[in-house]
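# Summary of structural features
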Amino acid sequence: MSLSRRSFLKGLGATGAAASVIGPSLLVSSSANAASETEGVWKTSGSHWGAFRARVWAGKVQEIKPLEVDKYPTEMLNGIKGIIYSPSRIRYPMVRLDWLKKHKYATDTRGNNRFVRVTWDEALDLFYRELERVQKDYGPWALHAGQTGWRQTGQMHSCNNHMQRAIGLHGYSVKKVGDYSTGAGQTILPYVLGSTEVYAQGTSWELILENSDNIIIWANDPVKNLQVGWTCETHESFEYLEQLKEKVAKKEINVISVDPVKNKTQQYLGNEHLYVNPQTDVAFMLGMAHTLYTEDLYDKKFIELYCLGFKEFVPYMMGETKDKVEKTPEWAAEICGVPADKIREFARMLVSGRTQIMFGWCIQRQEHGEQPYWMGAVLASMIGQIGLPGGGVSYGHHYSGIGVSSTGFGAPGSYPLNIDTGQEPKYTNKDYNGYSSVIPVARWIDCLLEPGKKIQANGSEVTLPAYKMMVISGNNPWHHHQDRNNMKKAFKNLQTMVTIDFAWTATCRFSDIVLPACTQFERNDIDGYGAYSGRGLVAMHKLVDPLFQSKTDFDIMTELTARWGRDKDYTRGMSEMEWVKSLYDGCKASNPKFNLPEFEEFWEKGFLDFGKGQPWTRHADFREDPEISALGTPSGFIEITSRTIGRYGYEHCQEHPMWFEKSERSHGGPGSDKHPYWLQSCHPDKRLHSQMCESEEFRATYAVQGREPCYLNPKDAKAKGIKDGDLIRVFNDRGQLLAGAVVSDHYPEGVIRIEEGAWYGPLNEKIGAIDTYGDPNTLTQDIPSSELAQATSANTCLVNIEKFKGEVPPVTAFGGPLEVS
Ligand SMILES: Nc1nc2c(c(=O)[nH]1)N[C@H]1C(S)=C(S)[C@@H](COP(=O)(O)OP(=O)(O)OC[C@H]3O[C@@H](n4cnc5c(=O)[nH]c(N)nc54)[C@H](O)[C@@H]3O)O[C@H]1N2
Ligand SMILES: Nc1nc2c(c(=O)[nH]1)N[C@H]1C(S)=C(S)[C@@H](COP(=O)(O)OP(=O)(O)OC[C@H]3O[C@@H](n4cnc5c(=O)[nH]c(N)nc54)[C@H](O)[C@@H]3O)O[C@H]1N2
Ligand SMILES: [Mo]
């Protein structure tokens, strides 16, 4: 382990390694001048981790350097080679042995990882046979092809689109609404602020740095999370974070992190940290609102001009309605752990100058995850600065460069998701047999366990479809969903699972047909540079040919659709490069102001830079004139009370924001006597979810005894006899896993972290088997946020820990299937 860590560091080159404690960092040198010094050719590409140039020699990617324009590259670029050359690559089409040879789909042994190698033709014939069987024997309700996720970058090869377009040419199927990222937030905020907010462009950093007196970084870790982006990431935000750091040092801006943990951003900025008990932010905010109200510090004019329903909310806060408890700072202090005086002081500080509140997304990935965002909007309304530069509330400044000014450049379109107008699928049956055709994304396991069940979702009733078959491409549900043992139960009711991926993830292990796609580095593509800034355009040159028997998703789906004679409809008769050029030409035509060169010139250059955009303030137009620029809410105003939600009559999301106790909560809350530690499964610092976990050398730089790290407080460690570097068992009534202890005082007592995306490696397929690598979703709860969003509540999870004793099982997560001849 330590040996590979050393050789890894050596490979990084001389610059920066010591200087970079934090950050998308200086770990990777940003000069590309080595090109002439070494053999091979340099090719341009882009990724979720940024744009880069790769030196290719002897048919192999030798080294990777960030593009010169990226001033803050992430060290995750060092993990890319390990994705391409991972021992966990899917090499050949594989079919699960028992599914192939036994009757009734052999669901009892699903997950035993025993697979046989088949030819491409055999695999695609089986895939087609299953599509036919499901459409003929059941109907569109029996196929779920809706789950999507973090497919690699590149608009032409966007694999979710490829899979859904191909399946769409065969027949109809079950689709999803919402996502795991912001399920609760994107559902509640349209009722309150008129848009999802989470994915909207935010006030520009320039204006925030210029105008804010206070910035509250609430449940938010931008320094960690801005390392990756949905399209090819620019890392431009880090320029502003660097300036913010200077302003914090000079005391020009008062930054406060509200977080149970001293996170990477707080460590980087060196700002004040306000500790809050996990999952209690709504109580904390209610205590602050109470202070602003009773001390007459809130902006009455703003509430009157721009908001609706404050009058109905106040009696709740004052203890006259609902639970009849007055939400005093003393009441809040008991729950959130912040002393009452500190709550008052914090509330007064919020109105002492221009205050920008910046929420992250983790607190809405919890039970009642709708409430903190709604209450945050109420608090911001009481402060009265929504629509002012450097004031108000934002819900996305940590994501994909939101807040970097936009040039106005419109990124290229992607490979068409839907089948073309006028086309019909082979099977036109649209009869869903009384089931819903669209489900809330996180409820797909419930469908398998309780088919036919009726649930409430965002004002509608959903009947969970009894689907029998699932097709997965570009996402990893055996990473992203909660409660592995519950999933194992549910998967007994699934007849056929087809997965298309380049890495042998746990999802492949639990599938029946597995098809090897190639990585983005093995195909040609085009992508926008800067999801929100419109900074430029990247040519993604194929670096090497597809490894083993892998193929592009495009080729796989062309061959699949050929089985029912629809391949020409699928491809429109165009090749990969014809598609890339056509996406470029479309983009050139729709951006006349940018004078794009001809395709050949762009492709040769590899990169076009459009410079910086114009600063902008979110909701300034609404503030200017709330009638003409009304919000998208039913009333056009900020809805502190929502009549629409009130009419739904839900128990866990009522007409205004409220404090609800959680089913599991640490620090004296429900369940904490038996399982005293709150497990937060935050987004990984050195991965993109489960992507790059398969990158061996890179994983070795953070793994502990080959296992995923579990961070915990020194006192908790001591109480359990655990030392830094020990193997520990983390468990609750849902499951158990092995992890490596990292003792750190950045974590408070009672809070532990295992980052999401750690590959699931069960010792065997049995329910309850220990996970040998450390996937936190072995332990999380699969419960909805509420009847409104039905979103994931991964962060409502208590566990216990102990030092691991006994024989240490090997890690089973990596290295592919057990190939049976
Ligand atoms: N406990 C817990 N769970 C969580 C979260 C949490 O905070 N805590 N976060 C949730 C969130 S916000 C998200 S967004 C989800 C993420 O969930 P996912 O999007 O499912 O996660 P990824 O690991 O990015 O999975 C992408 C998969 O697609 C494959 N892939 C990538 N590109 C291609 C391609 O071009 N072709 C093919 N065929 N396959 C490809 C990758 O190899 C990988 O297996 O996880 C959710 N789960
Ligand atoms: N490096 C990296 N960056 C990523 C991703 C990745 O996988 N890797 N994934 C991307 C994606 S898909 C998404 S959705 C975003 C996720 O973005 P987020 O969901 O915002 O990210 P997290 O890191 O899970 O959590 C942010 C902070 O919330 C704090 N927190 C958790 N619970 C509470 C609470 O109850 N109260 C308070 N006050 N704070 C709390 C955590 O301690 C942490 O510091 O990140 C994106 N960026
Ligand atoms: Mo996400």
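- Identification of the protein chain as Trimethylamine-N-oxide reductase from Vibrio superstes NBRC 103154 is taken from an unreviewed UniProt entry.
- Per UniProt, the protein chain carries the Catalytic activity (unreviewed entry) text "trimethylamine + 2 Fe(III)-[cytochrome c] + H2O = trimethylamine N-oxide + 2 Fe(II)-[cytochrome c] + 3 H(+)".

## Some words on the domain arrangement of the protein chain
- Each assigned domain of the protein chain is listed here: domain 1 (32-85), domain 2 (94-180 + 412-609), domain 3 (205-402) and domain 4 (677-819).
- A separation of 38 Å is found between the C-alpha centroids of domain 2 and domain 3.
- Tallying the contact residues gives 15 residues for domain 2 and 12 residues for domain 3.
- Of the roughly 1,200 Å² buried between domain 2 and domain 3 on both sides combined, carbon and sulfur atoms contribute 61%.
- Among the residues of domain 2 in contact with domain 3, Trp150, Tyr529 and Tyr532 are the three that bury the most area, contributing 42% of the side total.
- Counting across the domain 2 and domain 3 interface gives 1 salt bridge.
- The salt bridge partner of Arg535 is Glu236, with a shortest N-O separation of 3.2 Å.
- Run the count over domain 2 and domain 3 and you get 6 residue pairs in polar contact (both at pLDDT 80 or more).
- Looking at which element gives the most residues to the side of domain 2 that touches domain 3, the answer is strand 20 (residues 525-529), with 3 residues.
- Here the residues of the side of domain 2 that touches domain 3 are counted per class, giving 6 nonpolar, 6 polar and 3 charged.

## Regarding the site of ligand 2
- Lys224, Asp259, Asp281, Trp361 and Pro684 are the nearest of the 36 residues found near ligand 2.
- In the environment of ligand 2, an oxygen atom lies 2.8 Å from a nitrogen or oxygen atom belonging to the side chain of Asn225.
- The contact in question runs from a nitrogen atom of ligand 2 to an N or O atom on the side chain of His683, over 2.9 Å.
- Computed on the free molecule, ligand 2 has an accessible area of 920 Å², of which 100% lies beneath the protein chains in the complex.

## Examining the packing of aromatic side chains
- Applying the stated criterion across every chain, the model contains 49 aromatic pairs.
- When the ring of Phe313 is compared with that of Tyr316, the centres are 6.4 Å apart and the planes differ by 45°; the resulting orientation is tilted. One end of the pair is Phe313 and the other is Tyr316, both in helix 13 (residues 310-317) and 3 residues apart, which spans about a single turn. Assigned by exposure class, Phe313 and Tyr316 land together as buried.
- What links up through ring pairs into an aromatic cluster is the set Trp218, Phe284, Phe346, Phe359, Tyr373 and Tyr395.
- Taking NZ or CZ as reference, Lys245 lies 4.8 Å from the ring centre of Tyr268, over its face.

## A short note on the nonpolar core
- Core analysis: the biggest nonpolar cluster contains 103 residues, and Trp218, Phe284, Met288 and Phe346 have the highest contact counts within it.
- The greatest single-element share of this core, amounting to 9 residues, is contributed by helix 16 (residues 370-383).
- For Phe284, the contacting residues outside a window of four places in its chain are Trp218, Val258, Leu274, Val276, Ala332, Cys336, Val338, Ile343 and Phe346.
- Listed in part, the 54 residues of the second largest apolar core include Val116, Trp120, Val498 and Leu608.

## Quick word on the environment of Asp733
- Mapping Asp733 onto the fold places it in the loop between strand 26 (727-731) and strand 27 (736-743).
- For Asp733, a relative accessible area of 62% puts it in the exposed group.
- Ignoring sequence-local partners within four residues, the contact set of Asp733 consists of Lys674 and His675.
- In terms of polar contacts, Asp733 uses its side chain to reach the side chain of Lys674, at 2.9 Å.

## Regarding the sheet that holds strand 8 (residues 214-218)
- Strand order in this open sheet of 5 strands is 10-9-8-12-13, and the pairing throughout is parallel. Of all strands in the sheet, those bounded by a partner on one side alone are strand 10 (272-274) and strand 13 (392-394). Each strand of the sheet is rotated relative to its neighbour by a mean of 20°, with strand direction disregarded.
- By the bridge criterion, 5 bridges tie strand 8 to strand 9 (residues 254-258) in an arrangement that is parallel. The residue bridging Ile215 from the neighbouring strand is Val255, located in strand 9.

## A few points about the packing of helix 5 (residues 159-170) against helix 21 (residues 553-562)
- In the contact formed by helix 5 and helix 21, the axes pass within 9 Å of each other and the chain directions differ by 5°. One way to sum up the angle between helix 5 and helix 21 is to call them roughly parallel. Where helix 5 approaches helix 21, its residues Cys159, His162, Met163, Ala166 and Leu169 are matched on the opposing element by Asp553, Phe554, Met557 and Thr561.
- The residue inventory of the contact of helix 5 with helix 21, partitioned by class, reads 6 nonpolar, 2 polar and 1 charged.

## With respect to the sheet that holds strand 30 (residues 818-819)
- As summarised here, the arrangement of the 7 strands in space is 6-17-18-19-4-5-30, forming an open sheet in which the pairing is mixed. Edge strands, defined here as strands with exactly one partner in the open sheet, are strand 6 (143-144) and strand 30.
- As paired strands, strand 17 (residues 469-473) and strand 18 (residues 496-501) are joined by 5 bridges and run parallel to one another. Within the sheet, the bridge partner assigned to Met469 lies in strand 18 and is Thr496.
- Of the strands in this sheet, strand 4 (94-96), strand 6, strand 17, strand 18 and strand 19 (513-516) touch helix 4 (residues 120-137), which is tilted by about 130° from strand 19.

## Considerations on the side chain of Glu236
- With respect to the helices and strands, the residue Glu236 is situated in the loop between helix 8 (222-225) and helix 9 (237-249).
- With relative accessibility at 10%, the residue Glu236 sits in the buried group.
- Of note is the side chain of Glu236, whose polar atom sits 2.7 Å from the side chain of Thr234.
- In terms of polar contacts, Glu236 uses its side chain to reach the side chain of Arg535, at 3.2 Å.
- Contact partners of Glu236, with chain neighbours within four places excluded, come to Val404, Ser533 and Arg535.

Analysis parameters
- Residues numbered from 1 in each chain as written.
- Chains lettered and ligands numbered in written order.
- Predicted model: local features only at pLDDT ≥ 70, side-chain atom pairs only at ≥ 80, totals over all residues.
- Heavy atoms only, no water.
- UniProt positions renumbered as here; feature names shortened; annotations may be inferred.
- Domains from an automatic or database assignment.
- Contact = heavy atoms within 4.5 Å.
- Buried area = accessible area lost by both parts, 1.4 Å probe.
- Salt bridge = Lys/Arg side-chain N within 4 Å of Asp/Glu carboxyl O.
- Polar contact = N/O pair within 3.5 Å; in protein donor to acceptor, adjacent residues only side chain to side chain.
- Helix = DSSP H or I, 4+ residues; strand = E, 2+ residues; numbered from the N terminus.
- Nonpolar A, V, L, I, M, F, W, Y, C, P; charged D, E, K, R; others polar.
- Near = heavy atom within 4 Å.
- Areas by Shrake-Rupley, 256 points an atom, 1.4 Å probe, with all protein chains shown as cover.
- Phe/Tyr/Trp six-rings, centres within 6.5 Å; stacked < 30°, edge-to-face > 60°.
- Buried < 20%, exposed > 50% of the residue type's maximum accessible area, 1.4 Å probe, protein only.
- Lys NZ or Arg CZ within 6 Å of the ring centre and 35° of its normal.
- Core = buried A, V, L, I, M, F, W, Y, C linked by side-chain atoms within 4.5 Å.
- Pairing = 2+ DSSP bridges.
- Axes fitted to C-alpha atoms, helices over the stretch in contact; angles between N-to-C directions.
- Parallel < 35°, antiparallel > 145°, perpendicular 65-115°, else oblique.

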